[in-house]
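Descriptive analysis of the structure
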Amino acid sequence: MKITGNVYTVGGSSDSHPSDAAIYLIVSGDSAALVDAGTGQGTERVLRNIEKAGVRPADVRYCFVTHCHYDHTGGLEGLRKKTGCLVVAHELDARYLEEGDSEVTAARWYGTYMEPTKIDIKVADPRQTFTVGDLTVDFIHAPGHSPGSSVLTMLSEGKTVLFGQDVHGPLDDTLRSVRGDYVKSLEFLLSLDADILCEGHFGVYVGKEKVRRFIESFL
Ligand SMILES: [Zn+2]
Ligand SMILES: [Zn+2]
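A brief look at the structure comes next. Not measured: the values here are computed from a predicted model. (Residues numbered from 1 in each chain as written. Chains lettered and ligands numbered in written order. Predicted model: local features only at pLDDT ≥ 70, side-chain atom pairs only at ≥ 80, totals over all residues. Heavy atoms only, no water.)

For the zinc ion (ligand 1), every protein donor is listed as His67 (NE2), His69 (ND1), His145 (NE2) and Asp166 (OD), and the spread of their distances is 2.1 to 2.2 Å. Here the donor residues of the zinc ion (ligand 1) are spaced in sequence according to H-x1-H-x75-H-x20-D. Owing to a relative accessible area of 10%, Asp166 belongs among the buried residues under this scheme. (Donors = N, O, S within 2.8 Å, 3.2 Å for Na, K, Ca; no water. Buried < 20%, exposed > 50% of the residue type's maximum accessible area, 1.4 Å probe, protein only.)

Laid out in structure tokens, this is it:
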């Protein structure tokens, strides 16, 4: 599904596997990047959807990980192997992926375990900027749902696109959620005044008003 000229949905519960959180593709010229990787059970479908968007899997340069949870990360190894992409995650969540922590990554909730997964680029700063073709993509730490939860923002066709994958939470002690951080992060997301929100489980919200109302509903 095309969201803008630079953004496609290539995975999710109805696009790749019922357990997958949404997977988005950012495209500019010959360069592309993924946002999250699903559980891995639908990787072949994700790859087909990338090709349907007119992108060669080998042109996927990065996979940005919004947070460590299994429904967003179980597919990282498979996608890295098939595309050669570099996996990017905030350092506070990278450790749970590299250790293969099945509790904090919520793999146990899915009745499975987390395969230890190497993170190629660990973001330590509150904000790190990446280039995908002509696009500038900001990777911004927005903790609460998990310690290293992060969002991505970019401008596409004059519109601010926000990839905020688990805006809705939930908050849970086994996930190392922190309510105060979560509230602060939601307030930060509101301040971005985004035109389009690409969410992990609730789909895509288009229009500043709809985006604002969705985020506010969790405050
Ligand atoms: Zn999550
Ligand atoms: Zn999720």
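On we go from here.
A word on the packing of aromatic side chains. The full count for this structure, using the stated rule, is 11 aromatic pairs. The structure contains a cluster of three or more aromatic residues connected by ring pairs, namely Tyr62, Phe64, Phe130 and Phe139. (Phe/Tyr/Trp six-rings, centres within 6.5 Å; stacked < 30°, edge-to-face > 60°.)

Next up on the list: the packing of helix 1 (residues 43-52) against helix 3 (residues 76-83). The interhelical angle for the contact between helix 1 and helix 3, taken along N-to-C directions, is 45 degrees, at an axis separation of 10 Å. With respect to helix 3, the axis of helix 1 lies oblique. With respect to the hand of their crossing, helix 1 and helix 3 are arranged in right-handed fashion. Side by side, helix 1 and helix 3 meet where Thr43, Glu44, Val46 and Leu47 of the first sit next to Gly78, Leu79, Lys82 and Thr83 of the second. In terms of residue class, the contact of helix 1 with helix 3 is made up of three nonpolar, three polar and two charged. (Axes fitted to C-alpha atoms, helices over the stretch in contact; angles between N-to-C directions. Helix = DSSP H or I, 4+ residues; strand = E, 2+ residues; numbered from the N terminus. Parallel < 35°, antiparallel > 145°, perpendicular 65-115°, else oblique. Left-handed = near helix turned anticlockwise from the far one by under 90°. Contact = heavy atoms within 4.5 Å. Nonpolar A, V, L, I, M, F, W, Y, C, P; charged D, E, K, R; others polar.)

This part takes up the coordination of the zinc ion (ligand 2). Within the protein, the atoms that donate to the zinc ion (ligand 2) are Asp71 (OD), His72 (NE2), Asp166 (OD) and His201 (NE2), at distances of 2.0 to 2.7 Å. Considered as a linear motif, the donors of the zinc ion (ligand 2) on their single chain read D-H-x93-D-x34-H. Between the zinc ion (ligand 2) and the zinc ion (ligand 1), a spacing of 3.4 Å is present, and a bridge between the two is formed by Asp166. Assigned by exposure class, Asp71 and His72 land together as buried.

Let's shift gears to the sheet that holds strand 2 (residues 7-11). Backbone hydrogen bonds are what pair the strands of a sheet, in a parallel or an antiparallel way. Pairing in this open sheet of seven strands is mixed, and the strands run 1-2-3-4-5-6-7 from one edge to the other. Each edge of the open sheet carries a strand with a single partner, namely strand 1 (2-4) and strand 7 (121-123). Taken over all neighbouring pairs, the strand axes of this sheet differ in orientation by 25 degrees on average, direction set aside. Judged from the four bridges that link them, strand 2 and strand 3 (residues 23-28) form a sheet pairing that is antiparallel. If you follow Gly11 over to strand 3, its bridge partner there is Ile23. (Pairing = 2+ DSSP bridges.)

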